[in-house]
Amino acid sequence: MKNKYKSVGLDYDLILDKFRNIYDYEESANAYLSDEFFYQLEEMLDEEDYALAKDAVKGLYILAGDLCMFPLYEALLEVYEDLEYEMYSDVMGHYKDMYAVYEKIRSVFRA
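The notes below deal with the structure included here. Since the model is a prediction, treat every value here as computed from it, not as a measurement.

So, about the overall build of the chain. The helix and strand tally for the chain stands at seven helices and zero strands. Ordered by position from the N terminus, the helices and strands of the chain form the series α-α-α-α-α-α-α. Radius of gyration (C-alpha) of the chain: 14 Å, near the 13 Å computed for a compact globule of 111 residues. In terms of its C-alpha atoms, the chain occupies a principal-axis envelope of roughly 40 × 20 × 20 Å. For the chain, with 111 residues in total, the buried portion stands at 38%. Long-range contacts, defined as pairs at least 24 residues apart, comprise 62% of the intrachain contacts of the chain with a sequence gap of at least 6. Surface exposure of the chain reaches about 6,300 Å², of which carbon and sulfur atoms provide 47%. Counting 11 positive and 25 negative side-chain charges, the chain places the centres of these two groups 11 Å from one another.

Below, the structure written as structure tokens:
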């Protein structure tokens, strides 16, 4: 199981220390990784609904941090910073990078 987490850049020991029960963690992780905002975010950006996208990304990165999914947290933070500082020409590229990280992490869970 430890190798599964390591393969996507997650720290199994840190997660186990924080959550104590890996099965409860995986249930929470699956619920988080099933969040529709991951899919809807691209549409928000395409439609230039940057305020809604910013709110969605903020919620997603906070939860990624709470779940010790730090590679995803960092990728979401890049998207958030683009939105916060109105660097809209960069946001879609960072979104695509984030989505690749998301899919990689999601691949080791049921989500």
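The rest of the description comes next.
The next point concerns the packing of aromatic side chains. Applying the stated criterion to the full structure yields 14 aromatic pairs. Taken together, a centroid distance of 5.7 Å and an interplanar angle of 75° make the contact between Tyr-61 and Tyr-73 edge-to-face. Residue Tyr-61 is located in helix α5 (residues 50-66), and its partner Tyr-73 is located in helix α6 (residues 70-84); the two are separated by twelve residues in the primary sequence. Accessibility expressed as a relative area gives 13% for Tyr-61, which makes it buried. For the ring pair Tyr-61 and Tyr-80, a centre distance of 5.2 Å and an interplane angle of 65° mean the geometry is edge-to-face.

Bringing the environment of Ile-15 into the picture now. With respect to the helices and strands, the residue Ile-15 is situated in helix α2 (residues 12-19). Considering only alpha carbons, one finds Ile-15 and Tyr-25, ten residues apart in sequence, at a separation of 7.9 Å. If sequence neighbours within four positions are ignored, Ile-15 has contacts with Tyr-5, Leu-10, Arg-20, Ile-22, Tyr-25, Leu-67 and Cys-68.

It is worth spelling out the pattern of salt bridges at this point. Applying the stated criterion across every chain yields a total of five salt bridges. Between Lys-2 and Asp-13 there is a salt bridge whose closest N-O contact spans 3.1 Å. Of this pair, Lys-2 sits in helix α1 (residues 2-6) while Asp-13 sits in helix α2, and the two are eleven residues apart along the sequence. A relative accessible area of 45% means that Lys-2 is categorised as partly exposed. Note that Glu-42 is salt-bridged to Lys-96, the shortest N-O span being 3.9 Å.

Looking now at the environment of Leu-41. Residue placement: Leu-41 occurs in helix α4 (residues 37-46). Taking the C-alpha atoms as reference points, Leu-41 and Lys-54, 13 residues apart in sequence, are found 9.2 Å from one another.

Turning to the environment of Ala-56, a few remarks are in order. Note that Ala-56 resides in helix α5. A relative accessible area of 6% means that Ala-56 is categorised as buried. C-alpha separation for the pair Ala-56 and Glu-36, spaced 20 residues apart in sequence, amounts to 9.9 Å. Excluding anything up to four places from it in sequence, Ala-56 contacts Phe-37 and Met-44.

Cut-offs used in this document
- Residues numbered from 1 in each chain as written.
- Predicted model: local features only at pLDDT ≥ 70, side-chain atom pairs only at ≥ 80, totals over all residues.
- Heavy atoms only, no water.
- Helix = DSSP H or I, 4+ residues; strand = E, 2+ residues; numbered from the N terminus.
- Rg over C-alpha atoms; globule rule 2.2 N^0.38 Å.
- Buried < 20%, exposed > 50% of the residue type's maximum accessible area, 1.4 Å probe, protein only.
- Contact = heavy atoms within 4.5 Å.
- Areas by Shrake-Rupley, 256 points an atom, 1.4 Å probe, with all protein chains shown as cover.
- Lys, Arg positive; Asp, Glu negative; His and termini not counted.
- Charge placed at Lys NZ, Arg CZ, Asp CG, Glu CD.
- Phe/Tyr/Trp six-rings, centres within 6.5 Å; stacked < 30°, edge-to-face > 60°.
- Salt bridge = Lys/Arg side-chain N within 4 Å of Asp/Glu carboxyl O.

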